[in-house]
Amino acid sequence: MSETLNYQFIESRPAPMRTEGFMPWIKSNLFGNWQSSVTTFIVGGLLLYYVPQFLSWAVFRATTVNDADACRVAGVGACWGVIKEKYRLIIFGRYPFDEQWRPLIATLLMIALVIASCTRALWSKWLVVLWVAGLALYFAIMHGGVMGMSVVPTDRWGGLPLTIMLATLSIIFAFPLAVVVALGRRSHLPAIRTFCTIYVELVRGVPLISVLFMASFMFPLFMPAGVTIDVLIRVLAGITLFAAAYMAEVIRGGLQAIPKGQVEASASLGLSYWQTQFKIVLPQALAMVVPGLMNNFISLFKDTSLVTIVSLYELTGSLGLALNSDANWRPYKFEGYLFITAIFFAFCFAMSRYSLWVEEQLSKSKLR
Amino acid sequence: MSEPIIKFDKVNKWYGNSFHVLRDIDLSVAKGERIVVCGPSGSGKSTLIRCINRLEEHQQGHLTVDGVELTDDVKAIDEIRKNVGMVFQQFNLFPHLTVLENLTLSPMFVGNMPKKEAEEKAMVQLNRVRIAEQAGKYPLQLSGGQQQRVAIARALCLTPKIMLFDEPTSALDPEMVSEVLDVMVELAKQGITMICVTHEMGFAKAVADRVIFMDQGQIIEQNKPDAFFNHPQTDRAKDFLGKILGH
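Residues numbered from 1 in each chain as written. Chains lettered and ligands numbered in written order. Predicted model: local features only at pLDDT ≥ 70, side-chain atom pairs only at ≥ 80, totals over all residues. Heavy atoms only, no water.

Visitor: Would you take a moment to explain the overall build of chain B for this structure?
Guide: Across its full length, chain B carries 9 helices and 10 strands. Along the three orthogonal principal directions, the C-alpha set of chain B runs to about 55 × 45 × 40 Å. Scored against the burial criterion, the 247 residues of chain B give a buried share of 55%. Sequence-distant contacts in chain B: of pairs separated by 6 or more residues, those separated by 24 or more amount to 65%. Element-wise, carbon and sulfur atoms account for 47% of the exposed surface of chain B, whose accessible area totals about 10,900 Å². Positive and negative side-chain charges in chain B, numbering 28 and 32 respectively, have mean positions lying 2 Å apart. (Helix = DSSP H or I, 4+ residues; strand = E, 2+ residues; numbered from the N terminus. Buried < 20%, exposed > 50% of the residue type's maximum accessible area, 1.4 Å probe, protein only. Contact = heavy atoms within 4.5 Å. Areas by Shrake-Rupley, 256 points an atom, 1.4 Å probe, with all protein chains shown as cover. Lys, Arg positive; Asp, Glu negative; His and termini not counted. Charge placed at Lys NZ, Arg CZ, Asp CG, Glu CD.)

Visitor: Explanation requested: the layout of surface pockets in the structure shown.
Guide: Gaps left between atoms show up when a probe the size of a water molecule is rolled over them. Volume-wise, the second largest pocket comes out at about 1,200 Å³. Lining the second largest pocket we find 33 residues, and of these His188, Val263, Ala267, Tyr273 and Gln277 of chain A sit closest to its centre. Counting residues per element, the ones that place at least two in the lining of the second largest pocket are α7 (159-185), α8 (190-204), α11 (260-268) and α12 (273-288) of chain A together with α2 (74-83) of chain B. A total of 5 residues in the lining of the second largest pocket trace back to one element, the largest contributor, which is α12 of chain A. Residues of the lining of the second largest pocket, tallied by class, amount to 17 nonpolar, 6 polar and 10 charged. (1 Å grid on protein atoms, 1.4 Å probe; cavity = no way out; pocket = protein on both sides within 12 Å on 5 of 7 lines; lining within 4 Å. Points joined across faces, edges and corners; volume = space filled by probe spheres on them. Nonpolar A, V, L, I, M, F, W, Y, C, P; charged D, E, K, R; others polar.)

Visitor: Can you walk me through the sheet that holds strand β6 (residues 84-87) of chain B in this structure?
Guide: In a beta sheet, neighbouring strands are held together by backbone hydrogen bonds and run either parallel or antiparallel to one another. Residues and elements named next belong to chain B. Reading across from one edge, β6-β7-β8-β3-β9-β10 is the order of the 6 strands in this open sheet, with mixed pairing throughout. A strand with exactly one partner marks an edge of an open sheet, and here the two such strands are β6 and β10 (218-223). Going from strand to strand, the sheet's axes swing by 20° on average, the running direction of each strand aside. Bridge analysis of strand β3 (residues 34-38) against strand β9 (residues 210-215) gives 4 bridges, and the strand direction is parallel. Within β9, the position partnered with Val37 by the bridge is Ile212. The strands touched by helix α6 (residues 177-188) within the sheet are β3, β7 (162-166) and β8 (193-197), with β8 carrying the most contacts at an inclination of about 150°. (Pairing = 2+ DSSP bridges. Axes fitted to C-alpha atoms, helices over the stretch in contact; angles between N-to-C directions.)

Visitor: I'm lost on helix α9 (residues 208-218) of chain A in this one. Help?
Guide: Structural remark: α-helix, 3.6 residues per turn; residues separated by three or four positions point the same way. All names here are of chain A. Residues of α9 that are buried include every one of Leu208, Val211, Leu212, Ala215 and Ser216, and no others. One side of α9 carries all its buried residues, which in axial view fall inside an arc of 115°. Buried positions along α9 lie against α10 (231-256) and α13 (290-303). (Arc of directions from axis to C-beta.)

Visitor: Which parts of the structure should I look at to understand the interface of chain B and chain A?
Guide: Often, the extent of an interface is quoted as the loss of accessible area on bringing the components together. Counting residues at the interface gives 21 residues for chain B and 19 residues for chain A. When chain B packs against chain A, close to 2,000 Å² is buried across both sides, 62% of that on carbon and sulfur atoms. Across the chain B-chain A interface, the total number found is 1 salt bridge. Among the salt bridges present, the one from Glu264 of chain A reaches Arg50 of chain B, with a minimum N-O distance of 2.5 Å. The tally of links between chain B and chain A comes to 7 residue pairs in polar contact (both at pLDDT 80 or more). With 3 residues, the top contributor of residues to the side of chain B that touches chain A is helix α3 (residues 99-109) of chain B. (Buried area = accessible area lost by both parts, 1.4 Å probe. Salt bridge = Lys/Arg side-chain N within 4 Å of Asp/Glu carboxyl O. Polar contact = N/O pair within 3.5 Å; in protein donor to acceptor, adjacent residues only side chain to side chain.)

Visitor: What should I look at first to understand empty space enclosed by the protein in this one?
Guide: Residue and element names in this part refer to chain B. The full count for this structure, using the stated rule, is 1 cavity of 30 Å³ or more. Its volume calculated, the largest cavity comes out at about 40 Å³. Residue lining of the largest cavity: Arg128, Val129, Ile152, Leu156, Val183, Glu186, Leu187 and Gln190, and that is the complete set. Elements supplying a minimum of two residues to the lining of the largest cavity: α5 (144-156) and α6. Ranked by the residues each element gives to the lining of the largest cavity, the list is headed by α6, at 3 residues. Partitioning the lining of the largest cavity into residue classes produces 5 nonpolar, 1 polar and 2 charged.

Visitor: Please clarify how the packing of α10 of chain A against α13 of chain A should be interpreted in this entry.
Guide: A packed helix pair is summarised by two numbers, namely the angle formed by the two axes and the spacing between the axes. Residues and elements named next belong to chain A. Where α10 meets α13, the axes come as close as 9 Å, and the angle between the chain directions of the two elements is 160°. It follows that α10 is roughly antiparallel to α13 by the angle criterion. When you trace α10 past α13, the crossing you get is right-handed. When α10 is examined against α13, the residues Ile239, Ala243, Tyr246, Met247, Val250 and Ile251 are found in contact with a partner set consisting of Gly292, Leu293, Asn296, Phe297 and Leu300. Its residues assigned to classes, the contact of α10 with α13 shows 9 nonpolar, 2 polar and no charged. (Parallel < 35°, antiparallel > 145°, perpendicular 65-115°, else oblique. Left-handed = near helix turned anticlockwise from the far one by under 90°.)

Below, the structure written as C-alpha cells:
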C-alpha cells in the first residue's frame, strides 16, 4: 500500500441563516410561529393599554407638593408629597427625630462593611477584625450612652436601619451555622447526625411568625426572675436559627453533588476530615449552590418585615406608624407602599446581581 | 530478601453481610517491586489496592505497610497515607484549584512546607510528567491524558515510597493512553514500589516484576509477566487472557 488517499480540505463557511442580532432575535422569539405571534400581540396590546395609564397617574397627573389638600383636588394622580412629608418617619421609624443622624451613620457603616465583604480584593483575615470593630461601633452609635449620646432603647429602633441590621446579622450568623448543620447531617456519628436532622425538621415544620412569637413572648416566661434578654437579640436569634435550617438544606444539596472521588483523593493525599471539608468539599459545594443560597438571603431580607408583629417596627411597620397616625395623609398609603417597594427592590436586585457576578467568577475554573 | 514493604496476611473483606470481596489474601511486596494486578471486573483488584491506603477497611487478617499495621489508629493511617501515593481511574483532580494548587495542597497543609518550596517541588514533578507549561490552568481545561499526568505528579509531590495506580488509563481516549503509560514506565525505572491495576499488557510486559491475577476475590495466579502471558497455569487465567488478547 504505497498509495495514499487524497481528499479535499473543506474551508469553514458562514451559516446560511443569520441567527444573531436584533431582527433575527425578534423574528425567532416573538413571531416564531402563529401561537407566539398571537401571544406577542395580546401582551403588546395590554402593555399599550396599561402602561400609559400608569404613567399618567404616577408621573403626568402626579403632584409632589407636600400638602395633603393639593392631593385632594379632582384629577390629581399620585400624591408623592406624602413621601416628602413623611420620609424620615418611614425610613427611621420611632427612633427619636433629633437623633436620626445616628441610625443614618450606623447604617451607612454597616452597608460599607457589607460592600467591603463582597469585594474580592479585600478578602482576608482583616475583614473579621473589621466586622467586630464595625459592629461594636454600630451598636455604640445606635444605642448611645457613650460619647455624650443619649441612650435609645432597642424598642425605639426601626425602619430601614432595623431591616438592614436584622437581615445582615442573621445572614452572618446563620451561614456558618448552616454549614455546620449541613456537615452534621452527613456525619458518620449517629448522635450528631440525629441532632442536626431533628433541628432542621423541627424548624422547617413551623412558620417564622410562630418562631418570632416564641422568641418575643414565650421565651421570657421561661427565664429566671430578673434575667432579661433584649427583645431584639431574642428576635435576631429566632430569625438566625430559622434561616440556618433552610440554608443547611441548600448547602447539603451541594455537598451531595460532590463526587466521592474528591474525598478519596483528598484522603489519599493525607488531608484530615476538616481539611478535606474546608479545602476540597465546601468550596465546590458552596459554588454550586450560590443561586439557592442567594434565594435564601433575599427571602430572609424580606422576611424581616414580619418582626413588625412583635412590635419591632422595621420598614413596613414604620410606614404603617407614619401614615396611620395622621388622618391627612392616611389615604395615600399606596404611594408609601410603592416607595418602600422601590427600596426593597433596590436591595434585592443588588443582591441578585451580586450573586450572578459570584457565579461568573466561580465558573472561570470550569471553562474548557 | 529484606522485610517486605507491604504484607497482606490472610486479609478478608466483605461489602455488607454477604459480598465477600477479598478472600484470604496473602501477598508480600518487596521494596522497589513493580506489580501489575489484573483480572475480570468485580474480582477485587481495586479493593485490594485501596486497602493499602485505607480507602477501604479490611475486616479480618493483618495488613502491614512500611512497617506499620493498618488498624483504626488514625495517626497510623495518616502516616501511611503520607508514604503512599495514589492515582485514580477518574483522575479526581480538584477542579476548583489550578494544576499548581492541586500539587502544593498536600505538601503545604499535610507536610507544613512553605508555599515557595512546595511550588518549586511541584514544578519539578510537573516537569517530570512533561506538563510544566500548564501549571496555571484549571484541570478541566486539560485533556484526559494531561489530567492523569497531573494526577501522577500530584501523588509524587509527597515523595511517596509506594505508588498505587487504579486503572489509570481506563477512562482515557485511546489516543492519550500512551502519554500516560510513558510517564509510568519512566517512573517504574526509578525504583519506586509500584502496584498497578491495569489491563495494559504491553505495560505489564515492559516493567512488571510480577503479574497477579485475581478472580472472585482471590489471588488465583502470580508469576513473572512472560511466564504468565505465555504459559498461564490456570484455566481461569487462560480464559481471561484469551478474551483480552484474542482479537
